[in-house]
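Chain and residue survey
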Amino acid sequence: MTTRVTETSTEKLYERFPHLRKIDGMWGTAECRKFIFLLMTDTRGGKRQGFPPEHAGTIMSLLMEHDRRFPQFENDVAHHDTRWGDLSRRGIR
């Protein structure tokens, strides 16, 4: 039996997308936060298919849990990344 790193249940997500298991190894780092953030962002010029709703919800829960548990990385977003709107409105300069 393996110990879960996150409070968010990831079994079904990892079963469907095994390459995302690396989240457990990165958990609690700025790199993990960036990786999860990018999963929820279209970085393929509109060609990203997106995750099925149940898995998108899990990924969003992981991002929110990570931000809650490791708030020091919450605003760790590239300043030139405007895919989520005007960052200055979020207090990020």
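I will try to describe carefully the structure that is included in this document. Starting afresh in each chain, residues are numbered from 1 along the sequence in its written order. The predicted origin of the model limits local features to residues at a pLDDT of at least 70 and limits the giving and counting of side-chain atom pairs to 80 or more, whereas totals for whole chains, interfaces and linings rest on all residues. Only heavy atoms go into the side-chain values, all of them from the structure, while hydrogens and water stay out.

Turning to the packing of aromatic side chains, a few remarks are in order. Stacked, tilted and edge-to-face are the three classes applied to pairs of Phe, Tyr and Trp rings, where Trp contributes its six-membered ring and a pair requires centres within 6.5 Å; stacked means planes under 30 degrees apart, edge-to-face means over 60, and tilted covers the rest. Going through the model one piece at a time under the given rule, you end up with two aromatic pairs. Summarising the aromatic geometry, the rings of F17 and F51 are spaced 5.0 Å apart at their centres and angled 80° between planes, so their arrangement reads as edge-to-face. A residue pair is termed long-range when its members are at least 10 positions apart, and F17 in the loop between helix 1 (11-16) and helix 2 (22-26) and F51 in the loop between helix 3 (30-39) and helix 4 (53-69) qualify at 34 residues. A 1.4 Å probe rolled over the protein chains alone gives each residue an accessible area, and that area as a share of the maximum for its type sets the label: buried under 20%, exposed over 50%, partly exposed in between. On the basis of relative accessibility, which here comes to 13%, the residue F17 falls in the buried class. With a centroid separation of 6.1 Å and an interplanar angle of 80°, the aromatic rings of W27 and F70 are classed as edge-to-face. Of this pair, W27 sits in the loop between helix 2 and helix 3 while F70 sits in the segment after helix 4; the two residues are 43 residues apart in sequence, bridging distant segments of the chain. When sorted by exposure, W27 lands in the same class as F70, which is buried. Only when the NZ atom of a Lys or the CZ atom of an Arg is both within 6 Å of the ring centre and within 35 degrees of the ring normal do we say a charge sits over the ring. Against the face of F17 rests R16, its NZ or CZ located 4.5 Å from the ring centre. Counting from the N terminus, the helices are the DSSP runs of H or I reaching at least four residues and the strands are the DSSP runs of E reaching at least two.

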